[in-house]
Amino acid sequence: MEKDLETILITGGLGQIGYHAYSELKSRYNVILLDDQSSPKVAPPDDVTLIKGKIQDHKIYESIPDVDFILHCAAQININKSVENPIFDANVNILGTIQLLEFARKINVERFIYVSSAATYGQPQFLPITEDHPKNPVSPYGMSKYVAEKYVLLYSQLYNLRSSVVLPFNIYSSLQKENDPYSGVIYKFIKKVKNNESPIIEDDGKQTRDFVHAMDVVKAIELILKNEKAIGRIFNVGTGIKTTILELAELIISISGKDISPKFVEPRKGDIRDSYASIELAKELLGFSPSIKLEEGLTELYNKIM
Ligand SMILES: NC(=O)c1ccc[n+]([C@@H]2O[C@H](COP(=O)([O-])OP(=O)(O)OC[C@H]3O[C@@H](n4cnc5c(N)ncnc54)[C@H](O)[C@@H]3O)[C@@H](O)[C@H]2O)c1
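Keep in mind the model is a prediction, meaning the values are calculated, not measured. (Residues numbered from 1 in each chain as written. Predicted model: local features only at pLDDT ≥ 70, side-chain atom pairs only at ≥ 80, totals over all residues.)

(A) The environment of Arg-105, seen in detail. Here Arg-105 shows up in helix H3 (residues 86–107). Residues Arg-105 and Leu-5, spaced 100 residues apart in sequence, show a C-alpha to C-alpha distance of 21 Å. Excluding residues within four positions of it along the chain, Arg-105 makes contact with Tyr-155, Tyr-159 and Leu-161. (Helix = DSSP H or I, 4+ residues; strand = E, 2+ residues; numbered from the N terminus. Contact = placed C-beta atoms within 7 Å.)

(B) Inspection of the nonpolar core at higher detail. Of all hydrophobic cores here, the largest spans 78 residues; its most connected members are Val-166, Val-217 and Ala-220. When residues of this core are assigned to their parent elements, the largest contribution, 6 residues, is made by helix H6 (residues 214–225). The two domains that each donate at least three residues to this core are domain 1 (7–170 + 211–237) and domain 2 (172–210 + 240–304). Discounting chain neighbours no more than four positions away, the residues touching Val-217 are Ile-17, Val-166, Pro-168, Ile-171, Val-212 and Val-237. (Core = buried A, V, L, I, M, F, W, Y, C linked by C-beta atoms within 7 Å. Buried ≥ 20, exposed ≤ 12 C-beta atoms within 10 Å, placed from the backbone. Domains from an automatic or database assignment.)

(C) Spatial organisation of the domain arrangement of the protein. In terms of domain boundaries, the protein breaks down into domain 1 (7–170 + 211–237) and domain 2 (172–210 + 240–304). Its C-alpha centre places domain 1 at a distance of 24 Å from the equivalent point of domain 2. Facing 34 residues of domain 1, the contacting portion of domain 2 comprises 29 residues. Those elements that place two or more of their residues in the side of domain 1 that touches domain 2 are helix H1 (16–25), strand E10 (211–213), H6 and strand E11 (234–237). At 7 residues, H6 tops the list of elements feeding residues into the side of domain 1 that touches domain 2. Counted by class, the side of domain 1 that touches domain 2 contains 20 nonpolar, 9 polar and 5 charged residues. (Nonpolar A, V, L, I, M, F, W, Y, C, P; charged D, E, K, R; others polar.)

(D) How the structure looks around unusual backbone geometry. Put simply, Leu-127 and Pro-128 share a cis peptide bond, and its omega is -10 degrees. Within the secondary structure, Pro-128 is located in the loop between strand E5 (111–115) and helix H4 (140–159). Its identity is not glycine, yet Asn-196 carries a phi of approximately 60 degrees, on the positive side. Position of Asn-196 among the secondary structure elements: in the loop between helix H5 (184–194) and strand E8 (200–202). The backbone of Asp-203 shows a phi angle near 75 degrees, a positive value even though the residue is not glycine.

(E) Representation of the sheet that holds strand E2 (residues 30–35). Strand order in the open sheet made by the 7 strands is E3-E2-E1-E4-E5-E6-E11, with parallel pairing throughout. Each edge of the open sheet is held by one strand with a lone partner, namely strand E3 (49–52) and E11. When the angles between neighbouring strand axes are averaged without regard to direction, this sheet yields 20 degrees. Both E2 and E3 contribute to a ladder of 4 bridges, which runs parallel. (Pairing = 2+ DSSP bridges. Axes fitted to C-alpha atoms, helices over the stretch in contact; angles between N-to-C directions.)

(F) Up close: the pairing of strand E1 (residues 7–11). Counting buried residues in E1 gives 4 out of 5 residues, a clear majority hidden from the surface. Of the strand pairs in this sheet, E1 and E2 are connected by 5 bridges, and their pairing is parallel. Bridged to Leu-9 within E2 is Ile-32. Chirality of the crossover, the property in question, places the unit of E1, H1 and E2 among those that are right-handed. (Right-handed = clockwise from strand over helix to strand, strands pointing away.)

(G) H6, seen in detail. With 12 residues, H6 extends 17 Å from end C-alpha to end C-alpha; this agrees with the ideal 16 Å at 1.5 Å per step. Listed as buried for H6 are Ala-214, Asp-216, Val-217, Val-218, Lys-219, Ala-220, Ile-221 and Ile-224. (Expected span 1.5 Å × (residues − 1).)

(H) Highlighting the packing of H5 against helix H7 (residues 245–256). As a packed pair, H5 and H7 sit with axes 10 Å apart at the nearest point and diverge in direction by 40 degrees. Considered as vectors, H5 and H7 are oriented oblique to each other. The hand of the H5/H7 crossing is right-handed. Contacts between H5 and H7 involve Val-185, Ile-186, Phe-189, Ile-190 and Val-193 on the former and, on the latter, Ile-245, Leu-248, Ala-249, Ile-252, Ile-253 and Ser-256. For the contact of H5 with H7, the residue count by class is 10 nonpolar, 1 polar and no charged. (Parallel < 35°, antiparallel > 145°, perpendicular 65-115°, else oblique. Left-handed = near helix turned anticlockwise from the far one by under 90°.)

Listed below in structure tokens is the structure:
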């Protein structure tokens, strides 16, 4: 550890957001990763302190030194698993967050950043979704992320914990996996096209999503870290651009240069039809603007997937 650098603890540091944050911040901060390795996207890097443990286990905090910043990414992110086992989901996402908040309060961190989720909004009542959109989660996962978000803001009010919330929409990156609950569709389409098969679109393909690259989420996190105006606030992080699932399929086909057409099948029950973010608050207050175009991010992923 370098003496004059500030220290940041990243929970879920071996996951998609946590690892991208580590890669970006490691030259300017001493980074400590906390991860239970239950669903890592990468192997532990050699040059970092990794604490292997569960956020909901209070004993783990005895082995963590005082840090200046906490970025809380660790979560149970599987929606189906949350429906099957809501108690496990709440244990990790709610109780785990409270344990971490208690640690943050005890050591009086400079800033606590919680990574929430667009799943907290539930079925959109208007578009684009602003931060003051009503929150009616439709899954135990959405509910646990919402309750944890409320706790983070409560700690800000009650204990003056300097906390901020980042609320990403559909994150993707080269660490994408097929079973990703948010952007798994990207991986599935690329796999099909690579195999010279048609990407399969459920419904008419006109449903919309806001796909944001993980590095742009990290960009927003960095803008929040030392911004006093961000304390006690929630920031949607997306691109503000709606992409239809058909456009996504066509873009992937065009990147491949192949002569393939998508295939349409019956819609899935309970799917949210349209979702995209208003990012006006992050633009105004943080000067945030996403840098990675969907075509660029998809090309990177297309070239990586075998
Ligand atoms: N992926 C998305 O599109 C998306 C969108 C919105 C919000 N989010 C939120 O962003 C955060 C990060 O998501 P991600 O895509 O990087 O997920 P991820 O699954 O890639 O990473 C999560 C990491 O947390 C670790 N982990 C899981 N349970 C743990 C526990 N109990 N204790 C310690 N570590 C644990 C896993 O091993 C994994 O390395 C999550 O809080 C998620 O709710 C993700």
